[in-house]
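Notes for the structure review
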Amino acid sequence: MSRFSEPQDPVFAQLNTSIGFDWRLGPYDVEQSRAHATMLAAQGIIADADRDALLAGLDRVAGELEAGTFEVEPGDEDIHMAIERRLTTLVGPVGGKLHTARSRNDQVATDVAMFTRAHALRTLERLQALQSALVLCAERHLDWPMPGYTHLQRAQPVYLSHHLLAYFWMFRRDARRFEAVLGGTDELPLGAGALAGVNFETDRAFVARELGFASVARNSIDAVSNRDFVLDFLSAAATCATHLSRLGAEIVLWSSDEFGFAQVSDAWASGSSIMPQKKNPDAAELLRAKAPRIAAHLVALHGVLHGLPLTYNKDMQEDKEHLFDAVDTLDLCLAAARGMVETIGFDRERLAGAASDELIAATDVADLLVRRGVPFRQSHGIVAGLVKLAVDSGRPLSALTREEIAVQSDALDEEYYTVLQSSSWLEGKVSEGGTALPRVREQLAHARAELDGQPA
Ligand code: ARG
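Right, let's walk through the structure included here.

Here is what the cut-offs are and how they apply
One numbering rule holds for all chains: residues counted from 1, following each sequence as written. Given that the model is predicted, a residue must reach a pLDDT of at least 70 before its local features are reported, and side-chain atom pairs must reach 80 or more before they are shown or counted; all residues, however, enter totals for whole chains, interfaces and linings. With hydrogens and water set aside, each side-chain value is computed from the structure's full complement of heavy atoms. A run of DSSP states H or I qualifies as a helix once it reaches four residues; a run of E qualifies as a strand once it reaches two. Both are numbered from the N-terminal end. We take the radius of gyration over the C-alpha atoms and set the globule estimate at 2.2 Å times the residue count to the 0.38 power. With a 1.4 Å probe rolled over the protein chains alone, any residue whose accessible area is under 20% of its type maximum counts as buried; one over 50% counts as exposed, and the rest are partly exposed. A 1.4 Å probe and the Shrake-Rupley method give the accessible areas. Residues count as covered only by the protein chains that appear here. Asp and Glu are treated as the negative residues and Lys and Arg as the positive ones, with His and the ends of the chain left uncounted. Note on charges: their place is set at NZ of Lys, CZ of Arg, CG of Asp or CD of Glu. Here a residue counts as near a molecule or strand whenever at least one of its heavy atoms sits within 4 Å of it. Here a polar contact means two N or O atoms within 3.5 Å. Within protein one must be a hydrogen donor candidate and the other an acceptor candidate, and residues neighboring in sequence count only if both atoms are side-chain atoms. In the scheme used here, Gly and all other residues not listed as nonpolar or charged are polar, with Ala, Val, Leu, Ile, Met, Phe, Trp, Tyr, Cys and Pro taken as nonpolar and Asp, Glu, Lys and Arg as charged. Here a strand pair is declared whenever DSSP counts at least two bridges between the two strands. We define a salt bridge as a side-chain nitrogen of Lys or Arg found within 4 Å of a carboxyl oxygen belonging to Asp or Glu. Patch construction takes residues with relative accessible area above 30% that form no salt bridge. Like charges are linked within 9 Å, and nonpolar side chains (Val, Leu, Ile, Met, Phe, Trp, Tyr) are linked within 5 Å. By definition in these notes, contact holds between two residues if any of their heavy atoms fall within 4.5 Å. Side-chain rings of Phe, Tyr and Trp (the six-membered ring for Trp) are treated as a pair once their centres are within 6.5 Å; stacked means planes under 30 degrees apart, edge-to-face means over 60, and tilted covers the remaining angles. In this scheme, Lys NZ or Arg CZ marks a charge over a ring once it lies within 6 Å of the ring centre and within 35 degrees of the ring normal. Working rule for helices: expected span equals 1.5 Å times residues minus one. Comment: axis = line fitted to C-alpha atoms, over the contacting stretch for helices; angle = value between 0 and 180 degrees taken between N-to-C directions. When an angle is under 35 degrees it counts as roughly parallel; over 145 it counts as roughly antiparallel; between 65 and 115 it counts as roughly perpendicular; any other value is oblique. Helix crossings fall into two classes, left-handed where the near helix is turned counterclockwise from the far one by less than a right angle and right-handed where it is turned clockwise. By convention in this document, the label disulfide applies to cysteine sulfur atom pairs within 2.5 Å.

1. Regarding the overall build of the chain
Of regular secondary structure, the chain possesses 19 helices and six strands. The C-alpha radius of gyration of the chain comes to 30 Å, more than 25% above the 23 Å expected for a compact globule of 456 residues. Among the 456 residues that make up the chain, the fraction classed as buried is 48%. Summed over its atoms, the accessible surface of the chain is roughly 22,000 Å², and 53% of this surface lies on carbon and sulfur atoms. Between the mean site of the 44 positive side-chain charges and the mean site of the 64 negative ones, the chain shows a separation of 2 Å.

This is the structure in structure tokens:
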């Protein structure tokens, strides 16, 4: 029997169905059903024989899902109904007992929480692998000078290792965000029923333990309407993808002839269909371009959830494609970033050449004056005058005469020329987190300790 006297309009059915994408929840759905059936029997809500039949049937469903032989039928609205339908075909009417004390509302919230947790864990592994690759790459290029930039203008020289490690810390923060996502998935929705709880003495704590949730959601109304953990995942993913886009963008710049700092390996580049000489850093470009797509998924889900009255609304079915695409896209990007970092080659000469531009030492000259007692703000102006003189007369700073520098400040002497010798620029940055080699080594040790799970 059904309360409806007309069949669904096919267009409505097409709009309403989620089986085309929520099949990915299948393994989680089976796992939660196993725990649910076990709990129902332990609580005396169903007979032990019913539980055994359900578990045996669920094993077969799981086998079919894994083997790819599970068949979706035209009437299957979503994965939850498809699994129950198949289970009932396999074990008979007892299959209909599985949905005792459960609604699709707490069921789907539970599946999605499990899916999110599993993929947050996988993302953490991917991040760890990328961070390791960055540390190794930094170790290989420990003392390679390069220009550091602000406004994409050469600013101060740094070591390439220092620059690469900047990304290590970015991805470390991302890992922290994904660890926080795990916390958000840790309260079991199942047992909330449609919204108000169920008419049976269930044991939610048992189900939580079986499924690896730390606790049960305290409020059934909140439990079925909560998708914060998806927002959390998407938010962490969007930030991580934005970081990847910055790495990708730098690789694109570095591998241009104009920079000539780096070459991605052939395995991460493609050619042009018309220009035989081209080697394009497509993978890096795509890292750059995928980020807004993931951010858009976050914005879209905020759009879906904002203003939604409690509790479950069909709108919430729209959480999945955003989540799934973000999961897949980020996973691919993290794997690609790792592969590129592992195989990228740098041009030591080009980097060093760009880092030896004397103008890059302007701050060091200003600091020389500071050590002579000149207030920094004043020394900044004095050096700006020297830079103007040098640039206007087409000479490097070191070609200015003793008389010319003395005109700018009587605190300047021979040491001005010493400071302009490039060896001191990098090793002078001795402050914690700075580019002097002992500090980079110290940073590397911290990074290694983070990777080993023993942060200082
Ligand atoms: N496919 C649905 C979703 O993804 C499952 C929950 C359906 N619940 C309901 N009351 N219609 O949200």
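Continuing now.
2. Some words on the site of the ligand
Lining the immediate surroundings of the ligand are Ser-18, Asp-22, Asp-78, His-80, Arg-104, Asn-105, Val-108, Tyr-312, Gln-317 and Lys-320. Here Asn-105 contributes a side-chain N or O atom positioned 3.0 Å from a nitrogen atom of the ligand. Contact between the ligand and Tyr-312: an oxygen atom at 2.4 Å from a side-chain N or O atom of the residue. In isolation the ligand has 340 Å² of accessible area, and contact with the protein removes 86% of it. If you tally residues by element for the shell around the ligand, the top one is helix H6 (residues 104-140), at three residues. Along the lines of polarity and charge, the residues of the shell around the ligand split into two nonpolar, four polar and four charged.

3. Regarding the pairing of strand E2 (residues 153-159)
Where strand E1 (residues 145-150) meets E2, six bridges bridge the pair, whose relative direction is antiparallel. When the bridges of E2 are listed, Pro-147 appears paired with Pro-157. Here E1 folds back onto E2 in antiparallel fashion, the turn holding two residues, of which His-151 has a positive phi close to 55 degrees.

4. Digging into the environment of Asn-199
Locating Asn-199 in the fold gives a position in the loop between strand E3 (187-188) and helix H8 (204-211). Taking relative accessible area as the criterion, Asn-199 reaches 78% and is therefore assigned exposed.

5. Remarks on the pattern of salt bridges
If you walk through the whole model with that rule in mind, you get 33 salt bridges. One salt bridge in this structure joins Arg-372 and Glu-415, with 2.5 Å as the shortest N-O distance. On the criterion of sequence distance, the pair formed by Arg-372 in the loop between helix H14 (362-371) and helix H15 (376-392) and Glu-415 in helix H17 (residues 415-419) is long-range, its members being 43 residues apart. According to the relative accessible area criterion, Arg-372 is partly exposed, its value standing at 33%. A network of salt bridges, in which partner residues are shared, links Glu-77, Asp-78, Arg-104 and Lys-314.

6. Considerations on a nonpolar patch on the surface
Together, Leu-195, Ile-221 and Leu-310 make up an exposed nonpolar region whose accessible area comes to about 280 Å². Residue class for Ile-221 comes out partly exposed when judged on its relative accessible area of 36%.

7. Regarding the side chain of Thr-202
When you line up the elements, Thr-202 lands in the loop between E3 and H8. Given a relative accessible area of 17%, Thr-202 falls into the buried group. Residues within four places of Thr-202 in sequence aside, it is in contact with Met-39, Gln-43, Ile-45 and Ala-101.

8. Regarding the packing of aromatic side chains
Two descriptors summarise a pair of aromatic rings, namely the distance from one centre to the other and the angle between the planes of the rings. Taken as a whole and assessed by the stated rule, the structure comprises nine aromatic pairs. Judged by centre distance (4.8 Å) and plane angle (55 degrees), the rings of Phe-115 and Phe-324 are tilted. One end of the pair, Phe-115, is in helix H6; the other, Phe-324, is in helix H12 (residues 319-343), and 209 residues separate them in sequence. An identical accessibility class is assigned to Phe-115 and Phe-324; each is buried. When the ring of Phe-168 is compared with that of Trp-169, the centres are 4.8 Å apart and the planes differ by 80 degrees; the resulting orientation is edge-to-face. Phe-168 sits in the buried class, given a relative accessible area of 0%. Trp-169 sits in the partly exposed class, given a relative accessible area of 23%. Three or more aromatic residues joined by ring pairs form one cluster here, namely Tyr-28, Phe-115 and Phe-324. Above the ring of Phe-213, the side-chain terminus of Arg-117 is found at 4.7 Å from the ring centroid.

9. Considering helix H3 (residues 26-42)
The periodicity of an α-helix, 3.6 residues per turn, causes residues three or four places apart in sequence to face the same way. Here H3 contains 17 residues, and its C-alpha end-to-end distance of 24 Å stays within 8% of the 24 Å for a straight helix at 1.5 Å per residue. The buried fraction of H3 amounts to 12 of the 17 residues, a majority that puts the element mostly inside the structure. Within H3 the residues assigned to the buried category are Gly-26, Tyr-28, Asp-29, Val-30, Gln-32, Ser-33, Ala-35, His-36, Ala-37, Met-39, Leu-40 and Ala-41. Elements in contact with the buried residues of H3: helix H2 (19-22), helix H4 (48-67), helix H5 (79-91), H6 and H8. A positive backbone phi angle near 75 degrees is found at Gly-44, which sits one or two residues after H3.

10. What to know about the side chain of Gln-443
Tracing the chain through its elements places Gln-443 in helix H19 (residues 437-451). On the basis of relative accessibility, which here comes to 10%, the residue Gln-443 falls in the buried class. Dropping the residues within four chain positions of it, Gln-443 is found in contact with His-162, Leu-165, Trp-169 and Gly-433.

11. Some words on the packing of helix H7 (residues 160-184) against H19
Contact geometry of H7 with H19 gives a least axis separation of 11 Å together with a crossing angle of 30 degrees. Judged on the interaxial angle alone, H19 and H7 are roughly parallel. Seen from above, H7 lies across H19 with left-handed handedness. Facing H7, whose interface residues are Ser-161, His-162, Leu-165, Phe-168, Trp-169, Arg-172 and Arg-176, H19 presents Val-440, Gln-443, Leu-444, His-446, Ala-447, Glu-450 and Leu-451. When grouped by side-chain class, the residues that make up the contact of H7 with H19 number seven nonpolar, four polar and three charged.

12. Focus on the state of the cysteines
For the structure shown, the criterion picks out zero disulfides. Lacking any disulfide linkage, Cys-137 is separated from the closest cysteine sulfur, that of Cys-240, by 18 Å. Cys-240 takes part in no disulfide bond, and the closest cysteine sulfur, belonging to Cys-333, lies 8.8 Å away. Cys-240 sits in the buried class, given a relative accessible area of 0%.

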